[in-house]
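Structure at a glance
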Amino acid sequence: MALLKVKFDQKKRVKLAQGLWLMNWLSVLAGIIIFGLGLFLKIELRKRSDLMDNSESHFVPNSLIGMGVLSCVFNSLAGKICYDALDPAKYAKWKPWLKPYLAVCVLFNTVLFLVALCCFLLLGSLESTLAHGLKNGMKFYRDTDTPGRCFMKKTIDTLQIEFKCCGNNGFRDWFEIQWISNRYLDFSSKEVKDRIKSNVDGRYLVDGVPFSCCNPSSPRPCIQYQLTNNSAHYSYDHQTEELNLWVRGCRAALLSYYSSLMNSVGAVTLLVWLFEVTITIGLRYLHTALEGVANPEDPECESEGWLLEKSIPETWKAFLESVKKLGKGNQVEAEGVDAGQAPEAG
């Protein structure tokens, strides 16, 4: 028994074809939007690719760009099919291709749904990517004279100013690395020598941060050095005056930005997916309604359209049987090839 059977007369078939034609062209615009969102997300990720540990995060924007292009192609073709469906002579050339086309549409909708889910599920990998990338970037902050790393100081300073953040997890991360280049250290100074000797790795560590960590909203001038020494500054307590610097770490700031961006992109992609599923269902009804016309010479006769020719369990059972038959057919062919080769070998 057919699933979700609906009766159609000529007027209903014409309205369905016209409605699907309009929806397909609207879906072409939606495909352009998905393409644009994927491109925008890729550009945003590339801006800070130097602070990311790997390129896995580009899977989502690349998938969105590809699905946007495919959406434009498939829906343009579907719009043409719906337009020609009103003319029996033109529809005849599309008739043999409708079933394979609908199967491709189902596959496309499945992949689009998975891409939408990836927008929400890949945030965990993005977090670890940012954590390792920022940590390595901070280590190279001082290498302003090293080819390939000379831009890192500008990149991190711009990041901290733009996102109002400091360090990886917080401003204290800067205490654990030497972020001042040896070029700007006076090695004849006793203070510099003592700091380097006091460190096992021979690094010059200070309880200070780069200028880009300063919070301009603070009422007092920015304190960058000797942040944990209360006696070094007048009327200062490092436990209570952390507002002098940005408190939030850059990993949390970037993750919040990209999370909101990818969640928005994922929500838009899900809406487009629902629209595409509606179009695919409409195409299935149009296809079965046109196939069910008993007398092609009488276009005004009634016909029946359905979503599935059989119930869901029967359809699934028939699908499994066809897969088994396909597997057996391949096995028989392989045995036939082996049997044909045996006499030759003898």
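Given the structure is predicted, the values throughout are model-derived calculations rather than measurements.

Okay, the pattern of salt bridges next. On inspection of all chains with the given rule, the structure shows 10 salt bridges. Arginine 251 is the partner of glutamate 127 in a salt bridge, and the nearest nitrogen-oxygen pair spans 3.1 Å. Linking glutamate 127 in helix 5 (residues 123–139) with arginine 251 in helix 8 (residues 250–291), this pair joins segments that are 124 residues apart in sequence. Here the salt bridges do not stand alone but share partners, grouping Glu44, Lys47, Arg48 and Glu162 into one network.

Moving on, we get to the packing of helix 1 (residues 10–47) against helix 8. Across the interface, helix 1 lies against helix 8 with an axial gap of 9 Å and an inter-helix angle of 155 degrees. Regarding the angle of helix 1 to helix 8, the classification is roughly antiparallel. Crossing geometry of helix 1 relative to helix 8 is assigned as left-handed.

Our next topic: the state of the cysteines. For the structure shown, the criterion picks out three disulfides. Note that cysteine 165 is cross-linked by a disulfide to cysteine 250, the S-S spacing being 2.1 Å. On the sign convention where negative is left-handed, the bridge of cysteine 165 and cysteine 250, at about 90 degrees about the S-S bond, is right-handed. A residue pair is termed long-range when its members are at least 10 positions apart, and cysteine 165 in the loop between helix 6 (152–163) and helix 7 (190–197) and cysteine 250 in helix 8 qualify at 85 residues. With its disulfide-bonded cysteines labelled consecutively along the sequence, the protein chain is connected as 1-6, 2-3, 4-5. No disulfide involves cysteine 82; its sulfur sits 9.9 Å from that of cysteine 105, the nearest cysteine. Cysteine 82 gets classed as buried once you look at its relative accessible area, which sits at 1%.

Turning our attention to unusual backbone geometry. If you check the backbone angles, glutamine 226 has positive phi at about 50 degrees while not being a glycine. Summarising the element assignment, glutamine 226 is placed in the loop between helix 7 and helix 8. The class for glutamine 226 is partly exposed, based on a relative accessible area of 37%. Even without a glycine there, the phi angle at serine 235 is positive, about 50 degrees. With respect to the helices and strands, the residue serine 235 is situated in the loop between helix 7 and helix 8.

Another point: the UniProt feature "transmembrane region" (unreviewed entry) in the protein chain. UniProt tags residues 20–41, 62–81 and 101–123 as "transmembrane region" (unreviewed entry). Between the C-alpha atoms that bound residues 62–81 there is a distance of 29 Å. The span itself is 100% helix and 0% strand. Regarding residues 101–123, the helix share stands at 96% and the strand share at 0%, and the terminal C-alpha atoms are separated by 34 Å.

As a further point, take the side chain of aspartate 207. Mapped onto the fold, aspartate 207 is located in the loop between helix 7 and helix 8. Here aspartate 207 is buried and forms no salt bridge, its nearest opposite-charge partner arginine 195 lying at an N-O distance of 4.4 Å. A polar contact of 2.7 Å, which involves the side chain of aspartate 207, links it to the side chain of threonine 228. Residues within four places of aspartate 207 in sequence aside, it is in contact with Phe175, Arg195, Gln224, Tyr225, Gln226, Leu227, Thr228 and Asn229.

Right, let's talk about empty space enclosed by the protein for a bit. Summed over all chains, the structure comprises four cavities of 30 Å³ or more. In this model, the second largest cavity occupies a volume close to 60 Å³. As for the second largest cavity, its lining consists of Asn24, Phe74, Asn75, Ala78, Tyr101, Cys105, Phe108, Asn109, Glu276, Ile279, Thr280 and Leu283. Of all elements in the fold, only helix 2 (59–84), helix 4 (98–121) and helix 8 reach the threshold of two or more residues within the lining of the second largest cavity.

A few words now on the packing of aromatic side chains. Under the counting rule described, the total for this entry stands at nine aromatic pairs. Taking the centre distance of 5.5 Å and the plane angle of 75 degrees together, the rings of phenylalanine 163 and tyrosine 257 count as edge-to-face. Pair noted here: phenylalanine 163 is in helix 6 and tyrosine 257 is in helix 8, with a separation of 94 residues, a long-range link. Consider the rings of tryptophan 179 and tyrosine 225, whose centres lie 6.1 Å apart with planes at 15 degrees: the pair is stacked. Remark: tyrosine 225 occurs in the loop between helix 7 and helix 8 and tryptophan 179 occurs in the loop between helix 6 and helix 7; sequence separation between them is 46 residues. Tyrosine 225 sits in the partly exposed class, given a relative accessible area of 43%.

The rules we used
- Residues numbered from 1 in each chain as written.
- Predicted model: local features only at pLDDT ≥ 70, side-chain atom pairs only at ≥ 80, totals over all residues.
- Heavy atoms only, no water.
- Salt bridge = Lys/Arg side-chain N within 4 Å of Asp/Glu carboxyl O.
- Helix = DSSP H or I, 4+ residues; strand = E, 2+ residues; numbered from the N terminus.
- Axes fitted to C-alpha atoms, helices over the stretch in contact; angles between N-to-C directions.
- Parallel < 35°, antiparallel > 145°, perpendicular 65-115°, else oblique.
- Left-handed = near helix turned anticlockwise from the far one by under 90°.
- Disulfide = S-S within 2.5 Å.
- Buried < 20%, exposed > 50% of the residue type's maximum accessible area, 1.4 Å probe, protein only.
- UniProt positions renumbered as here; feature names shortened; annotations may be inferred.
- Lys, Arg positive; Asp, Glu negative; His and termini not counted.
- Polar contact = N/O pair within 3.5 Å; in protein donor to acceptor, adjacent residues only side chain to side chain.
- Contact = heavy atoms within 4.5 Å.
- 1 Å grid on protein atoms, 1.4 Å probe; cavity = no way out; pocket = protein on both sides within 12 Å on 5 of 7 lines; lining within 4 Å.
- Points joined across faces, edges and corners; volume = space filled by probe spheres on them.
- Phe/Tyr/Trp six-rings, centres within 6.5 Å; stacked < 30°, edge-to-face > 60°.

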